[in-house]
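Read off the chains here:
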Amino acid sequence: MAKSKFKKTVEKSISMFFNKMMGSGLAQEENTADGSRYITPGMPEKVRELAEEGIVLLKNDGVLPVGAEKKISVFGRVQHDWFYVGYGSGGDVHAPYEVGFFEGLKNAGVSYNEALKSIYDSWCAKEENEADHGYWGHWPYFYDEMPLTSDVVEAAKKESDIAVVIIGRAAGEDRENKLEEGSYYLTQTEKDMLSKVTAAFEKTVLVMDCGNVIDLSFTQEYNLSAIIYAWQLGQENANALGNILAGKSSPSGKLSDTIAKLYEDYPSAANFGGKEYNDYAEGIYVGYRHFESRAKDKILYPFGYGLSYTSFSLEAVAENDCCVKCTVKNTGSFAGKEVVQVYVEAPEGKLPKASRVLVGFAKTKLLEPGESELVTVAFEQNDFASFDADGVTGFKNAFVLEAGEYKIYAGTDSLNNEVIHTFTVPETICVKQCLDISLETRRERILKNLPEEIQQTGDKGIKLIDVKSGKYTIEEFVAQLSDEDLCDINRGEGKMGSALGTPGNAGAYGGITESLRSKGVPAIITADGPAGLRVRRFTTLLPCGTAIACSFNEKLVEELFVLIGNEACHFGIDVNLAPGMNIHRNPLCGRNFEYYSEDPFLSGHIAAAMVRGIQKGGAIACPKHFACNNQEYNRNHNDSRVGEQALREIYLKNFEYCVKLGNPGNLMTSYNKVNGVWSHYNYDLVTTVLRKEWGYKGNVITDWWMRKSASPEFPLLRDNAYRVRAQVDVLMPGNMSYIKQKYSFDKALYKSLKSGNGITRAELQRTAINVLNFAMTRL
């Protein structure tokens, strides 16, 4: 429905307000030698390659690939108004170019019905049918579909051999998808389009241009020859999709989520969308862990599933209890890649267990017909151990292997796999002892672990570069910092779009005052995010996170993000606020497109590959949102109430993999509460688990702005003092609220320090050391 001029004016004003608040807006051209937009060398090819590998072929009766002699008719207005990525901080990138659908078809050599294209072009060009991108938190879910007449369909049938129907859905930050037509479900107009097209055409290909998983039960109602879940593929979108359609590349993407027959079949369906809290009643049974254990008959497409244009044989053997070798042979007629997936089934015991847990995967190289490759999948006991929070196995707060028979499976998805090895654990063993994070002992534990103060010396002329060169210790440098410096170094400058960095940046921290800069502390410039650098420059628009994960290709992900690190350095960005890596607990979560998977192993390993790439490329990564940020609705106040077994095995496990395998320089907390405590105040998440258990040495920052609160253990500690005690090092972008958009000294924190019964100087110094150790990497 077309909007009134008044409503458009209001929404434009709101959009301008958010752009100003966030330091964003229209991209500014960068001067290059020939006047063209800067494109990072090698980037288009690498983006296209990863986009191709993220596309998932769900069904194919042989209609694909489209032969050069065939012509296609394309239905669906998204052909004209493609969703290249989702909306929000994980999507609003100014791409240097975007390859439209028909441009991609031409580049791939696919012939199409130009008369039908012209009909859609004319309809979409009318003012009342224009695509409206909305504004922050009020993005579109879809664009109204063009009503289709039988005459148009019949005329198209005479001109072509194959129909391609495109269904598009947007996703976005700060709002959920809805169980409504036009969001999770098809609209009546879309259903009518499918009915008319599939009735007229013998061969119909369905292409899903969606950031999130939506209802696919409708696919059982129509005569569809092929189904492609294309996700949202960024600036090289149609080049990648065109190559898949034409057979220049064979699909090799695998689903990073289970697709259920009905929304109600998802284990979190009854406990999602709560305003005050969500009870994670499903426990560890998230995604395929639930479906494989309890509801195989509810699966439409299993986790890890994806077809190819060729076929493969797998011969897998276990070298030992934690290593599988598999010979993969291309037995078909197309070159292609396959993903070997290894799962473990643990015996029933005292702890809840899923019937399958992914412990490793390996993607082959491009195999020509008849060619083979031997791949190795090695894993550890910790990858399939169960967490005992209460000591029912004899090991409290520990990951354990209960006594019994364990089975190793190898295959191509969570359903299609075979037992290749069994082994017995004769008695329950402790794999990893964890620390106590119980509420009852928290105050005592905090007091026991308070740091010792470094005696202040005043300014001795020591510069931070002197510490990096080894002339002085970090403690000698910190001893110079005044109390005012200590209050400043644990917060950002105060606004997005800092004047200290590239226009449109997300904010600055570190050397935000003259005093700190005079001591050699650099200003650290940040920028979103997962889909590319969100600044006021033309920067690479990447495939969405889910598409990246569906590639199951850690090596390729790392290679691409080396280039993103290069690009960040080119534009003066120190910290790329990515990857976004929260678990896909429910398909309605608005930011699922940014995130990777329902599985922590896949999520953590893809995230670690991204981190390694960014940091090899010269910038620093910042995984987010730690932890349990699985809902956008009321995200600043919502409480994720999750049992410790599920917390440890699902919602922290992916971050553990990322931290240990990627070694990120930064990590961002989430907006929400976790079991009653906001993440930016959560001592046990940040200090006990992240730093002490996992050995994390980097810097921890808040998501942008935070909620005011007093510590329940220490009621005199409020807000930033409460945060510093948790070792959340930096408040970003620097003020408690987005209302303040400039630097202002934190008098409350200073008062807490001077009171003698608030935050200690030693804690502020500890935080300063965390920030400065990171800042030295930018010198």
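Structure's up top.
I will try to describe carefully the structure that is included in this document. Source: prediction; values computed, not measured. (Residues numbered from 1 in each chain as written. Predicted model: local features only at pLDDT ≥ 70, side-chain atom pairs only at ≥ 80, totals over all residues. Heavy atoms only, no water.)

Looking now at the nonpolar core. Soluble globular proteins tend to bury their nonpolar side chains together. Counting residues in hydrophobic clusters, the biggest one holds 117 residues, and the most contacted among them are Phe 561, Phe 626, Tyr 651, Leu 690, Trp 704 and Leu 772. For this core, the element with the highest residue contribution is helix 16 (residues 600-616), accounting for 8 residues. When neighbours within four sequence positions are excluded, Leu 772 is seen to be in contact with Leu 464, Ile 474, Phe 477, Val 478, Leu 481, Ile 489 and Val 521. In terms of nonpolar packing, the next biggest core, distinct from the first, is built from 90 residues, Trp 82, Val 213, Tyr 222 and Ala 230 among them. (Core = buried A, V, L, I, M, F, W, Y, C linked by side-chain atoms within 4.5 Å. Buried < 20%, exposed > 50% of the residue type's maximum accessible area, 1.4 Å probe, protein only. Helix = DSSP H or I, 4+ residues; strand = E, 2+ residues; numbered from the N terminus. Contact = heavy atoms within 4.5 Å.)

Inspection of the entire model under this criterion finds 45 salt bridges. Among the salt bridges present, the one from Arg 48 reaches Glu 236, with a minimum N-O distance of 2.8 Å. Here Arg 48 is found in helix 2 (residues 43-54), whereas its partner Glu 236 is found in the loop between strand 6 (226-229) and helix 7 (237-246), with 188 residues between them in sequence. Its salt-bridge partner being Glu 656, residue Lys 432 comes within 2.6 Å of it at the nearest N-O pair. Placement of Lys 432 in strand 19 (residues 429-433) and of Glu 656 in helix 18 (residues 653-662) is noted, with a sequence separation of 224 residues between them. Side by side, Lys 432 and Glu 656 carry an identical accessibility label, which is buried. Counted as one network, the salt bridges with shared partners bring together Glu 173, Asp 174, Arg 591, Glu 594, Glu 632 and Arg 635. (Salt bridge = Lys/Arg side-chain N within 4 Å of Asp/Glu carboxyl O.)

Here we take up the environment of Val 213. In this fold, Val 213 is placed in the loop between strand 5 (204-210) and strand 6. Setting aside chain neighbours within four positions, we find Val 213 in contact with Tyr 184, Tyr 229, Trp 231, Asp 257, Ile 259, Tyr 266 and Pro 587.

Now for the sheet that holds strand 11 (residues 323-330). Taken in spatial order, the 3 strands of this open sheet run 10-11-14, and their pairing is antiparallel. The open sheet has two edge strands with one neighbour each: strand 10 (312-320) and strand 14 (372-378). Strand-to-strand twist of the sheet, defined as the mean angle between neighbouring strand axes without regard to direction, takes the value 20°. (Pairing = 2+ DSSP bridges. Axes fitted to C-alpha atoms, helices over the stretch in contact; angles between N-to-C directions.)

For the rest of this paragraph, the subject is unusual backbone geometry. A negative phi angle characterises most non-glycine residues, just as the trans form characterises most peptide bonds. For the bond from Leu 64 to Pro 65, the omega torsion is 0°, close enough to zero to count as cis. Residue position: Pro 65 is located in the loop between strand 1 (56-60) and strand 2 (71-75). A cis amide bond links Asp 528 with the next residue in sequence, Gly 529, at an omega value of -5°. Mapping Gly 529 onto the fold places it in the loop between strand 21 (523-528) and helix 14 (545-550). The residue Gln 727 is not glycine, and still its phi comes out positive at about 65°. Mapped onto the fold, Gln 727 is located in the loop between helix 20 (719-725) and helix 21 (747-755). Classification of Gln 727 as buried rests on a relative accessible area of 7%.

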